[in-house]
Amino acid sequence: MNVIETAGLGRRYGSTWALRDCTLSIPAGHLVALVGPNGAGKSTLLNLVVGLTPPTVGEVTVLGGATAGSVAALDAIAFVAQDMPLYRHLSVADMLHLTGNLNLRFDAAYARRRLAELGIGNKQKAGKLSGGQQAQLALTLALARRPRLLVLDEPTAPLDPVARHDFMATVLTAMADDGVSVVLSSHLLAELERVTDYLVLISHGRVRVNDDVENLLACHRLVSAATPERLTGIAGEVIESNTMGSQTHQLIRLAAPDTALPPTCESRAVGLEELALAYLREGITLPTLSPAGASR
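Numbering of residues starts from 1 in each chain and follows the order in which that chain's sequence is written. The predicted origin of the model limits local features to residues at a pLDDT of at least 70 and limits the giving and counting of side-chain atom pairs to 80 or more, whereas totals for whole chains, interfaces and linings rest on all residues. Each side-chain value is worked out from all heavy atoms of the structure, with water and hydrogens disregarded.

**What to know about the sheet that holds strand β6 (residues 77–80)**
Strand pairing requires that DSSP identify at least two bridges connecting the strands. Counting from the N terminus, the helices are DSSP H or I runs at least four residues long and the strands are E runs at least two residues long. If you trace the 6 strands from one edge of the open sheet to the other, you get β6-β7-β8-β3-β9-β10, paired in mixed fashion. The sheet is open, and its two borders are formed by β6 and β10 (206–212), each paired with just one other strand. Adjacent strand axes in the sheet meet at a mean angle of 15 degrees when their direction is disregarded. Bridge count between strand β7 (residues 149–153) and strand β8 (residues 181–185): 5 bridges; the pairing is parallel. Bridged to L152 within β8 is L184. Sitting on the sheet, helix α1 (residues 42–50) is in contact with β3 (31–35), β6, β7, β8 and β9 (198–203), with an inclination near 150 degrees to β7. Angles run from 0 to 180 degrees between N-to-C directions of axes, and those axes are lines fitted to C-alpha atoms, restricted for helices to the stretch in contact. Residues are treated as being in contact if the distance between any of their heavy atoms lies within 4.5 Å.

Encoded structure:
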């Protein structure tokens, strides 16, 4: 089952396209990292997925074919935005009561237990909590709805490293215990590499990567040779190419993991952060560097 599926999806505000030509399929059971440069349309895509805004063109379905924004979809999707949408003047207890009344399903006992474990008291005002506590409160309210899909739009961006770690630990526990699928938009590539197992990367208005991380790493190699000519003829797509000193380096998306490489070149595997950065830089002309790394 695909938790998210889009076909030719786009959203326009006036004459400006925030997202267009978005076609992807995301299977259930993954922690999906949604990555892209600022303005690529990540938040717009997530808003379309959770039904906060309708598409201008194209289609989006969730959880095996439900229309995004339908009652069935809304009941099974929880969303935590970057700005932690909490009523700052309400107490924690009031937030639990309000959220319970606004949703068809809400596990109040789970929410109270989790918040007690975190040392967040019922009488505390939401606006007086620390950034990490506000994030945990928002996440707890979302998980207490017992969703099948949890959508997170850069919720850890303003948090310190310890708070981010605790937040993600809660997310991973929910996945393990309840089988929740997660889509997480974030710029923190180094941290994503430790937790994600599926990558969606949007660049230049289109989906460039949509695959299992294990498959992606198996199909990408960084190859190097003394001259560019020695790298020609490799079956695959050159994602990034640059020259450092006398060496030419190319990140290549191979046609298959067992694609043969010329004996005149060297190659090595790449990590997820290195791979994502190459796609994010795609189309940018890189400087030629001397061996010492000084720009010419």
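Moving on, there is more to tell.
**Some words on the pairing of strand β13 (residues 247–254)**
Throughout, exposure labels follow a simple rule: accessible area from a 1.4 Å probe, protein chains only, divided by the maximum for the residue type, with under 20% read as buried, over 50% as exposed, and the rest as partly exposed. Extensive coverage of β13 is indicated by the burial of 6 of its 8 residues. Two strands pair when backbone bridges link them, and strand β11 (residues 220–225) and β13 are joined in this way by 6 bridges, in the antiparallel orientation. Paired with A225 across the bridge in β13 is T248. As defined by bridge partners, strand β12 (residues 236–244) adjoins β13 across 8 bridges and the pair is classed as antiparallel. Bridged to T243 within β13 is T248. The antiparallel pairing of β12 with β13 creates a hairpin that spans 2 residues between the two strands, and G245 there sits at a positive phi of about 65 degrees.

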